[in-house]
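Tertiary structure, described
As a plain string of letters, each chain reads:
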Amino acid sequence: MDIISQLQEQVNLIAHLAFNTVGTLQRDAPPNRLSPNYPEPPAHTTEDGTNFSEQPKLMSSALVKAAKQFDVLVTALPISEGGEEAQIKRITELQAENDAIGQELQKQLEAAEKELNEVQELFRQASDNCLNLKKPDDS
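Nothing here was measured: the structure is a model prediction, and the numbers come from that model.

Assignment of secondary structure puts T24 in helix α1 (residues 3–28). We classify T24 as buried; its relative accessible area is 9%. Sequence-distant contacts of T24, defined by excluding residues within four places in its chain, comprise A29, Q55 and M59.

So, in structure tokens, the structure goes:
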């Protein structure tokens, strides 16, 4: 797998972990008293009995690990040489090469279409000749 695909997968993983982390924190965080004027919120119990204080630590460590892996992948990217001017020059060269190849392919396509038309015309003529032949008499 190329480096760009790996980077995309890592970004997707980071987004997934961040989404799940925030969602879990919203769902499982114990209620907090907003003001002394409000009554004390009811005690929060988790369904599976897991310790809430450990969840943020585990999730944040997974998120940090994914971010560090992303950094490793970014550092593995090749460094562009020559700066922006060299890149623009290279893009121009590649575009000119692409245009030349495109023109050659267009010529080949036109030649192939011409040949196809010739073959179709010959086939039509051969079909007409076969249909115009008379069957020999059986007498």
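Text resumes after the structure shown.
Under the defined criterion, the tally for this structure stands at 4 salt bridges. Residue R124 is joined to E121 by a salt bridge in which the shortest nitrogen-to-oxygen separation is 2.3 Å. You can see R124 and its partner E121 sitting in helix α3 (residues 83–132), 3 residues apart, about one turn around the helix. In this structure E121 comes out as partly exposed when scored by relative accessible area, which is 32%. Across the pair R124 and D128 runs a salt bridge, and its minimum N-O distance is 3.0 Å. With R124 and D128 both in helix α3 and 4 residues apart, the pair spans about one turn of that helix. For R124, a relative accessible area of 42% puts it in the partly exposed group.

So, about the UniProt feature "coiled-coil region" (unreviewed entry) in the chain. Mapped onto this numbering, the UniProt entry annotates "coiled-coil region" (unreviewed entry) at residues 91–129. As annotated, residues 91–129 has a helix share of 100% and a strand share of 0%, and its two end C-alpha atoms lie 56 Å apart.

Between its first and last C-alpha, helix α2 (residues 54–75) extends 32 Å over 22 residues, near the 32 Å set by a 1.5 Å rise per residue. Listed as buried for α2 are Q55, A66 and L73. Seen along its axis, α2 keeps its buried residues to an arc of 25 degrees; they face one direction. Turned more than 90 degrees away from the buried face of α2, the exposed residues are K57, K65, K68 and T75. In this fold, the buried residues of α2 make contact with α1.

What counts and what doesn't
- Residues numbered from 1 in each chain as written.
- Predicted model: local features only at pLDDT ≥ 70, side-chain atom pairs only at ≥ 80, totals over all residues.
- Heavy atoms only, no water.
- Helix = DSSP H or I, 4+ residues; strand = E, 2+ residues; numbered from the N terminus.
- Buried < 20%, exposed > 50% of the residue type's maximum accessible area, 1.4 Å probe, protein only.
- Contact = heavy atoms within 4.5 Å.
- Salt bridge = Lys/Arg side-chain N within 4 Å of Asp/Glu carboxyl O.
- UniProt positions renumbered as here; feature names shortened; annotations may be inferred.
- Expected span 1.5 Å × (residues − 1).
- Arc of directions from axis to C-beta.

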